[in-house]
Amino acid sequence: MSILKIIFWFFWRIWFYILMAIPIVVFLPFLLISILAESWYPYFFRIARIWAKFILFGMGFRYQVQQEATLEPNTSYMIIANHTSMIDIMLMLAIVKNPFVFVGKKELVAIPLFGFFYKRTCILVDRGSAQSRLAVFEAAQQRINRGLSVCIFPEGGVPDDESILLDHFKDGAFRLAIEHQIPIVPITFPDNKKRFSFTFFSGSPGTMRAYIHQPISTKGCTLETKKRIKEDCYQVIKKQLLMSE
């Protein structure tokens, strides 16, 4: 590993956090207003999409989207994807136009500025607490009832072993989708680990592909069919990852 690469990665990673902060500071008054009422969340979501695209382009990333179906407006979906990078959040915001709410780990609240809005707009989960996981279902139900979609990374976190192509899916996203009878939209991010993994001295600017797959219906499904639906979604994403290597 050359010293030039190490220097580049160091400043490039620092630049990422600077890019995260710039739009938040610029749009701060509008962001604060947009979180005053839950019904104003779609306005916050629009600003969040601008924030995400600003970071992606500022980091030298370009994204290509292949879409098997167009998501219907004013329709709630359960959006899922493989999770390998912090940039997954930005890419998801950039490519999905339907307003959605992330279900994410509470540890991200500690990030300055970002954490303030993350706490007030996302559904936070403490994966070690059964009570917290139950509260997620109640919070998600409220968002779905308001016509919003929900986004969950069903692996439950980024695997410590970066050689894992796709970790096992947890049940939460599929249980929610079945209980509310909303379609599941699998999305595959094949390049995010290579472009911006959680290993500090790694990554590079370049193209990131995103595949928005055909929604999987849960109409008429019950919790007894949850395992089959979860496996179907897993195979859709895994197959695309293998094809994209």
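Residues numbered from 1 in each chain as written. Predicted model: local features only at pLDDT ≥ 70, side-chain atom pairs only at ≥ 80, totals over all residues. Heavy atoms only, no water.

Per an unreviewed UniProt entry, the recorded name for the protein chain is 1-acyl-sn-glycerol-3-phosphate acyltransferase, and the organism is Flavobacterium succinicans. Under Pathway (unreviewed entry), UniProt gives the following word-for-word description of the protein chain: "Lipid metabolism." (UniProt positions renumbered as here; feature names shortened; annotations may be inferred.)

(A) Focus on the packing of aromatic side chains. Counting across every chain of the model gives 21 aromatic pairs. Between W51 and F114 the ring centres are 5.6 Å apart and the planes differ by 20°, which places this aromatic pair in the stacked class. Highlighted residues: W51 in helix α3 (residues 41–58) and F114 in helix α5 (residues 114–121), separated in sequence by 63 residues. Its relative accessible area of 8% is what places W51 among the buried residues. The class for F114 is buried, based on a relative accessible area of 10%. Here F61 and F196 contribute two aromatic rings whose centre-to-centre distance is 6.2 Å and whose plane-to-plane angle is 80°, an arrangement assigned as edge-to-face. Of this pair, F61 sits in strand β1 (residues 61–67) while F196 sits in helix α8 (residues 192–196), and the two are 135 residues apart along the sequence. Assigned by exposure class, F61 and F196 land together as buried. Geometry around F200 places R13 over its ring, the cationic atom sitting 6.0 Å from the centre. (Phe/Tyr/Trp six-rings, centres within 6.5 Å; stacked < 30°, edge-to-face > 60°. Helix = DSSP H or I, 4+ residues; strand = E, 2+ residues; numbered from the N terminus. Buried < 20%, exposed > 50% of the residue type's maximum accessible area, 1.4 Å probe, protein only. Lys NZ or Arg CZ within 6 Å of the ring centre and 35° of its normal.)

(B) Region of the structure containing the nonpolar core. M78, M90, M92 and I187 are the most contacted members of the largest nonpolar core, which totals 79 residues. When residues in this core are grouped by element, the largest group, 9 residues, is from α3. Contact partners of I187, with chain neighbours within four places excluded, come to I79, I80, A81, N82, M92, I95, V96, Y211, I212, H213 and I237. (Core = buried A, V, L, I, M, F, W, Y, C linked by side-chain atoms within 4.5 Å. Contact = heavy atoms within 4.5 Å.)

(C) Broad picture of the pairing of strand β7 (residues 206–212). With 5 of 7 residues buried, β7 lies mostly within the body of the structure. In the sheet, β1 pairs with β7 via 7 bridges, with the strands oriented parallel. Bridging from a neighbouring strand, Q66 pairs with Y211 of β7. Both strand β6 (residues 184–188) and β7 contribute to a ladder of 2 bridges, which runs antiparallel. What sits directly across from T188, in β7, is Y211. (Pairing = 2+ DSSP bridges.)

(D) Summary view of the state of the cysteines. If you walk through the whole model with that rule in mind, you get 0 disulfides. Cysteine C221 shares no disulfide, and the gap to the nearest cysteine sulfur, in C233, comes to 10 Å. On the accessibility criterion, C221 (14% relative accessible area) is buried. What makes C233 buried here is its relative accessible area of 0%. (Disulfide = S-S within 2.5 Å.)

(E) Region of interest: unusual backbone geometry. With phi around 60°, N74 is a residue other than glycine that occupies positive phi space. Note on N74: relative accessible area 81%, which makes it exposed. The phi dihedral of Q181 falls on the positive side, at around 55°, and the residue is not glycine. Along the chain, Q181 falls in the loop between α7 (172–180) and β6.

(F) Focus on the packing of α7 against helix α9 (residues 226–244). Taken N-terminus to C-terminus, the directions of α7 and α9 make an angle of 120°; their axes are 10 Å apart at the nearest point. The pairing of α7 with α9 is recorded here as oblique in orientation. The chirality of how α7 crosses α9 is right-handed. The segment α7 lies against α9, with F174, R175 and I178 engaging K226, I229, K230 and C233. Of the residues contributing to the contact of α7 with α9, the split by class is 4 nonpolar, no polar and 3 charged. (Axes fitted to C-alpha atoms, helices over the stretch in contact; angles between N-to-C directions. Parallel < 35°, antiparallel > 145°, perpendicular 65-115°, else oblique. Left-handed = near helix turned anticlockwise from the far one by under 90°. Nonpolar A, V, L, I, M, F, W, Y, C, P; charged D, E, K, R; others polar.)

(G) Representation of the sheet that holds β7 within the structure. Spatially, 7 strands are ordered β1-β7-β6-β2-β5-β3-β4 in an open sheet, and the strand pairing comes out mixed. Edge positions in the open sheet fall to β1 and β4 (123–125), since each of these has one partner strand only. Between one strand axis and the next, the sheet turns through 25° on average, direction left out of account. When strand β2 (residues 78–81) meets strand β5 (residues 149–152), the two strands line up parallel, connected through 3 bridges. From the neighbouring strand, I79 faces β5, where its bridge partner is C151. Contacts from helix α4 (residues 87–95) reach β1, β2, β3 (100–105), β5, β6 and β7 within the one sheet, and its direction differs from that of β7 by about 60°.

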